[in-house]
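Close look at the chain arrangement
Here is what each chain is made of, one letter per residue.
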Amino acid sequence: MTNDLEALAHSTEADLAAAADLRALDAVRVAALGKNGALTALLKGLGAVPAEARRERGAALNAVKQRIEAALDARRATLEAAALDAKLLAEKQDMSLPPRPIPQGSIHPINRTIEELTAIFGAMGFSAVEGPDIESDWYNFGALNIPDHHPARQDQDTFYLPGLGADGRPLVLRTQTSPLQVRTMLGQEPPIRIIAPGRTYRADHDATHSPMFHQVEGLVIDRGITLGHLKGCLTDFLRAFFGISNLPVRFRSSYFPFTEPSMEVDIGWNRKTGELGAGGDWLEILGSGMVHPRVLANCGIDAREWQGFAFGMGIERITMLKHGIADLRPFYEGDTRWLAHYASSPLTPASLHEGV
Ligand code: DAH
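Note that the coordinates shown come from a computational prediction; the quantities given were computed from them, not determined experimentally.

Things to note about the overall build of the protein chain
A tally of regular secondary structure across the protein chain gives 12 helices and 10 strands. Relative to a compact globule of 356 residues, whose C-alpha radius of gyration would be 21 Å, the protein chain shows 43 Å and is clearly more extended. Dimensions of the protein chain, computed from C-alpha atoms along their principal axes, come out at roughly 130 × 50 × 40 Å. Burial analysis of the protein chain (356 residues in total) assigns 40% to the buried set. In the protein chain, 64% of the contacts between residues at least 6 apart in sequence involve partners at least 24 apart.

Examining the layout of surface pockets
Of the pockets and cavities examined, the largest pocket occupies roughly 1,200 Å³. Lining the largest pocket are 47 residues, and of these Arg 202, Gln 215, Glu 284, Gly 314 and Arg 317 lie nearest its centre. Elements that contribute at least two residues to the lining of the largest pocket include exactly helix H7 (151-155), strand E6 (212-222), strand E7 (249-256), strand E8 (259-269), strand E9 (281-291), strand E10 (307-314) and helix H11 (315-323). In terms of residues, the lining of the largest pocket owes the most to one element, E9, which gives 7 residues. Residues that form the lining of the largest pocket fall into these classes: 19 nonpolar, 19 polar and 9 charged.

Regarding the site of the ligand
Inspection of the region around the ligand gives 15 residues, with Gln 176, Gln 181, Arg 202, Gln 215 and Glu 217 positioned closest. Between the ligand and Glu 217 there is a distance of 2.5 Å, counted from an oxygen atom to a side-chain nitrogen or oxygen. A distance of 3.3 Å separates an oxygen atom of the ligand from a polar atom in the backbone of Phe 311. Summarising the interface, the protein chains cover 90% of the accessible area of the ligand, which totals 350 Å² for the free molecule.

Digging into the state of the cysteines
In the structure shown here, the tally under the stated rule is 0 disulfides. With no disulfide partner, Cys 233 has as its closest neighbouring cysteine sulfur the one in Cys 299, 20 Å distant.

Examining the packing of aromatic side chains
The relation between two aromatic rings is expressed through the spacing of the ring centres and the mutual angle of the planes. Evaluation of the coordinates by the stated rule reveals 11 aromatic pairs. Seen from their ring centres, Trp 338 and Tyr 342 are 5.1 Å apart, and the 50° between their planes marks the pair as tilted. Here Trp 338 and its partner Tyr 342 are both found in helix H12 (residues 336-342), 4 residues apart, which amounts to about one turn of the helix. For Tyr 342, a relative accessible area of 25% puts it in the partly exposed group. Following the ring pairs from residue to residue traces out a cluster consisting of Phe 121, Phe 126, Phe 237, Phe 241, Phe 242, Phe 309 and Phe 311. One residue, Arg 183, lies across the ring of Tyr 139, its end atom 4.2 Å from the ring centre.

Observations regarding the domain arrangement of the protein chain
When its domains are assigned, the protein chain resolves into domain 1 (3-90) and domain 2 (109-353). Of note, the centres of domain 1 and domain 2, computed from C-alpha atoms alone, are 91 Å apart.

Topic: the sheet that holds strand E2 (residues 134-136)
Strand order in the open sheet formed by 3 strands is E2-E4-E3, with antiparallel pairing between adjacent strands. In this open sheet, the two strands that pair with only one neighbour each are E2 and strand E3 (160-164). When strand polarity is set aside, the average angle formed by the axes of neighbouring strands in this sheet is 35°. In this sheet, strand E4 (residues 170-173) lies alongside E2 in antiparallel orientation, the contact comprising 3 bridges. Looking at E4, one finds that Ile 134 is bridged to Leu 173.

Examining unusual backbone geometry
For the bond running from Pro 190 to Pro 191, omega is 0°, close enough to zero to count as cis. A cis amide bond, omega -5°, links Glu 260 with the succeeding residue Pro 261. Inspection of the secondary structure puts Pro 261 in strand E8. Backbone geometry places Asn 145, a non-glycine residue, at a positive phi of 65°. As for its position among the elements, Asn 145 is in the loop between helix H6 (137-140) and H7. The buried category is assigned to Asn 145, whose relative accessible area is 12%.

Overview of the sheet that holds E8
With mixed pairing, the 7 strands of this open sheet are ordered in space as E1-E5-E6-E10-E9-E8-E7. Two strands bound the open sheet, and with one partner strand each, they are strand E1 (127-128) and E7. When E9 meets E10, the two strands line up antiparallel, connected through 4 bridges. From the neighbouring strand, Gly 289 faces E10, where its bridge partner is Ala 310. Sitting on the sheet, helix H5 (residues 109-123) is in contact with E1, strand E5 (192-201), E6 and E10, with an inclination near 170° to E5. Helix-sheet contacts for helix H9 (residues 227-242) involve E7, E8, E9 and E10, and the interaxial angle to E9 is about 140°.

Thresholds applied
- Residues numbered from 1 in each chain as written.
- Predicted model: local features only at pLDDT ≥ 70, side-chain atom pairs only at ≥ 80, totals over all residues.
- Heavy atoms only, no water.
- Helix = DSSP H or I, 4+ residues; strand = E, 2+ residues; numbered from the N terminus.
- Rg over C-alpha atoms; globule rule 2.2 N^0.38 Å.
- Buried < 20%, exposed > 50% of the residue type's maximum accessible area, 1.4 Å probe, protein only.
- Contact = heavy atoms within 4.5 Å.
- 1 Å grid on protein atoms, 1.4 Å probe; cavity = no way out; pocket = protein on both sides within 12 Å on 5 of 7 lines; lining within 4 Å.
- Points joined across faces, edges and corners; volume = space filled by probe spheres on them.
- Nonpolar A, V, L, I, M, F, W, Y, C, P; charged D, E, K, R; others polar.
- Near = heavy atom within 4 Å.
- Polar contact = N/O pair within 3.5 Å; in protein donor to acceptor, adjacent residues only side chain to side chain.
- Areas by Shrake-Rupley, 256 points an atom, 1.4 Å probe, with all protein chains shown as cover.
- Disulfide = S-S within 2.5 Å.
- Phe/Tyr/Trp six-rings, centres within 6.5 Å; stacked < 30°, edge-to-face > 60°.
- Lys NZ or Arg CZ within 6 Å of the ring centre and 35° of its normal.
- Domains from an automatic or database assignment.
- Pairing = 2+ DSSP bridges.
- Axes fitted to C-alpha atoms, helices over the stretch in contact; angles between N-to-C directions.

Printed below as a string of structure tokens:
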């Protein structure tokens, strides 16, 4: 091989060895083999070589070309492998790092209680219904045998709204879930078994009262319904909800305009410790009674054929008792520390308790 070719091969190999990346490698390739490359120029000059030397010169040029191409391929393979290594190293994941915590939503205790109520009454054949927060005073009071100027209207610290309802009566924020009794009886034929959980409103605000709170209403209308059904149903519910199979339950005569007779229901507890089910003290927990014949008549139901019972209770109250929550206000504050403690996992179903 002639000296000029050996020198070219040698310097190209040196340049290849020095090429630090694929771009530099390509520049070396172009300098040697490109359109204006050094070797290309020599190949073009082959025509000018005297005929007797041309064959040997041609073979030598080919040999150098192959040598340079082989060196190029080898260096390219090395650089590609190095580039891949660098890429993999840059993308490396440390599998031993603990995962970032994924924030998980939770179920507010009010909603959890509503889920539990719905499950327990659902197992007894009740379905859950909902109604509007804004009612005309006929649904909230009149139809429930609380006529204008009845003292029970003052008791309830009603929020009146401007304007009139479709029935020409004043609009109120419902003070109780009892209007759902009226809506259900007007909307469907008996037999009826419903519960109606939802928001209620009264102009009252302190540690134990909130202007917005929740109640659940219950209504059963059927033939031959007696006080015995009411007592059995509510006793079963309270024992299931609080998870105490022998929870003492007491029915105490009372007064509500929409029921006759009316009864308040107490459960046994220990006033000093707050423990439920023992201790010999009584705690009032809900209102109930046999649906007043006048309410049935207001809703177009013949009281000689159909009877029923109704009940209503505060959802915050039973939730506080069940979980030992002392203050009402945190229910509405959205404090995540409180929620982390009292809210429950969405993955835990609202199950029926044993001992029903
Ligand atoms: N609505 C009553 C209240 O807010 C609770 C109540 C008592 C509902 C007796 C009833 C019932 O359905 O029969 O205090």
